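Now for the letters of each chain:
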Amino acid sequence: MVTYLLTPLVRAFACRFGVVDLPNERRPHKHPTARGGGLAVIVGVYAACFLALAFPASTRPGGFDLHWWLSFLPSSLILLVIGLVDDVRGLGPLKKLAGQVVAALLVCLSGTHFGKLFGYELPPLLDAVLVVVWIVAVINAYNLIDGLDGLASGLAIISATGLCGILILGNLPGVILLLIALIGACLAFLRYNFQPATIFLGDTGSMSIGLILGVVSLQTFTKNTFFLSMTIPLLILGVPIYDALLAIWRRSVRRFVGGGEPDGSGKRG
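This structure is a prediction, so every number in the text was calculated from the model and none was measured.

1. Digging into the overall build of the protein
Right, so step 1: Of the regular secondary structure elements, the protein holds 10 helices and 4 strands.
Right, so step 2: The helix and strand sequence of the protein, counted from the amino end, reads α-β-β-α-α-α-β-β-α-α-α-α-α-α.
Right, so step 3: When each of the 269 residues of the protein is scored for burial, the buried share is 47%.
Right, so step 4: Pairs at least 24 residues apart make up 74% of the contacts formed inside the protein by residues separated by at least 6 positions.
Right, so step 5: Summing over all exposed atoms, the protein offers an accessible surface of approximately 13,200 Å²; the carbon and sulfur share of this is 71%.

2. Some remarks on the pattern of salt bridges
Right, so step 1: One pass over the full model with this rule turns up 2 salt bridges.
Right, so step 2: Aspartate 86 serves as the salt-bridge partner of lysine 96, at 3.5 Å between the closest nitrogen and oxygen. Separated by 10 residues along the polypeptide, lysine 96 in helix α4 (residues 93–109) and aspartate 86 in helix α3 (residues 66–88) bring together distant segments of the chain. In this structure, lysine 96 and aspartate 86 share a single accessibility class: buried.
Right, so step 3: The closest approach of N and O atoms between lysine 96 and aspartate 203, which form a salt bridge, is 2.8 Å. Separated by 107 residues along the polypeptide, lysine 96 in helix α4 and aspartate 203 in helix α8 (residues 202–217) bring together distant segments of the chain. The pair formed by lysine 96 and aspartate 203 is uniform in burial state, with each residue classed as buried.

3. Side note on the packing of aromatic side chains
Right, so step 1: Throughout the structure, instances matching the rule amount to 6 aromatic pairs.
Right, so step 2: Ring geometry for phenylalanine 13 against phenylalanine 17: centres 6.3 Å apart, planes inclined by 5°, an arrangement best described as stacked.
Right, so step 3: Residue phenylalanine 13 is classed as exposed on the basis of its relative accessible area of 55%.
Right, so step 4: Ring geometry for tryptophan 68 against phenylalanine 72: centres 5.4 Å apart, planes inclined by 20°, an arrangement best described as stacked. Taken together, the positions of tryptophan 68 and phenylalanine 72, both in helix α3 and 4 residues apart, correspond to about one turn of that helix. Phenylalanine 72 shares its class with tryptophan 68; the two are buried.
Right, so step 5: Here the aromatic residues Tyr46, Phe50, Trp68, Trp69 and Phe72 are joined through ring pairs into a cluster of three or more.

4. Describing the environment of valine 45
Right, so step 1: Residue position: valine 45 is located in helix α2 (residues 38–54).
Right, so step 2: The exposure class assigned to valine 45 is buried, which follows from its relative accessible area of 1%.
Right, so step 3: Expressed as a C-alpha distance, the spacing of valine 45 and threonine 3, which sit 42 residues apart in the sequence, is 8.2 Å.
Right, so step 4: Excluding its chain neighbours within four sequence positions, the residues that come into contact with valine 45 are Leu178, Ala181, Leu182, Ala185 and Ile212.

5. Observations regarding a nonpolar patch on the surface
Right, so step 1: Side chains of Met1, Tyr4 and Leu5 sit close together on the surface and give an oily, nonpolar patch of about 360 Å² of accessible area.
Right, so step 2: In this fold, tyrosine 4 is placed in helix α1 (residues 2–16).

6. Regarding the nonpolar core
Right, so step 1: Grouped together as the largest cluster of nonpolar side chains are 66 residues, with contacts concentrated most on Trp69, Ile135, Leu178 and Leu213.
Right, so step 2: Of all the elements, helix α7 (residues 176–193) adds the most residues to this core, at 11 residues.

Rules used throughout
- Note that residues are indexed from 1 along each chain, following the sequence as it is written.
- It should be noted that, the model being predicted, local features are given only for residues of pLDDT at least 70 and side-chain atom pairs only at 80 or more, the latter also being counted only at that level, while totals for whole chains, interfaces and linings use all residues.
- Side-chain calculation: all heavy atoms of the structure are included, whereas hydrogens and water are not.
- Secondary structure elements follow DSSP: runs of H or I no shorter than four residues count as helices, runs of E no shorter than two count as strands, and numbering proceeds from the N terminus.
- Type-normalised accessible area, obtained with a 1.4 Å probe on protein chains alone, sets the label of each residue: buried when under 20%, exposed when over 50%, and partly exposed for intermediate values.
- Throughout, a residue-residue contact means that at least one pair of heavy atoms, one from each residue, lies within 4.5 Å.
- All accessible areas in this document rest on Shrake-Rupley with a 1.4 Å probe, and a residue is counted as covered only by the protein chains that are shown.
- Salt bridge, as applied in this entry: a Lys or Arg side-chain nitrogen positioned within 4 Å of an Asp or Glu carboxyl oxygen.
- Aromatic rings from Phe, Tyr and Trp, taking only the six-membered ring of Trp, are treated as a pair when their centres fall within 6.5 Å; an angle between ring planes under 30 degrees marks them as stacked, one over 60 as edge-to-face, and anything in between as tilted.
- Like charges within 9 Å and nonpolar side chains (Val, Leu, Ile, Met, Phe, Trp, Tyr) within 5 Å are joined into patches, using only residues over 30% in relative accessible area that form no salt bridge.
- In this text, buried Ala, Val, Leu, Ile, Met, Phe, Trp, Tyr and Cys residues form a nonpolar core when linked through side-chain atoms within 4.5 Å.

Rendered as structure tokens:
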């Protein structure tokens, strides 16, 4: 409900201050369209999580409690600010990547880890590197896939639903509350983002969604060996990751053959 009510306000402010995507040969929309709608999505997620934490629970297996939330919140806020700045003013790719790495490092320092590789404990340094690489990869996968009306938010709903099933089977229901909040916020946002979209997620939303799914997917790495526990999250998050790899490949080939990137004044995702 928060996202549903807040999105029109974000759209109005974005249009008022020129935070819009302009149509060009790389973008399918026909009219200038507001971006930065991810702000409404993430505020909706925050509101739902605060409400969930306000109700006492005897047990929340899976770690979703005030301590877990406070350890996750700094990383989320960092990406939210970076996304807002990029949507409003624009940021270079290296600056965005640096912010993503910092957010991933904070997640790692909070105690999130992969665990074991084929039954053997990973060295702390290697474990930390894998956590950072995984989270940054999922963040950029959703950032790059935000190219069509309703695509990123729709895939986020599908991925979050799949992760809910895994966590239930793994007897880790607590963190599902965060996924349910994300599903509800994305469903509300689809009301305005479905074709023809009147507002886009922008980096504000796509990177934050990637962070949530990347962090929660790591919760499935705690029970089994690295290989087995890695398979299911990769399958669930496979579409955005595969699309991101294809996008990187296409752009690399285009630069190699001298075509460069098409010019355009708009920006998407």
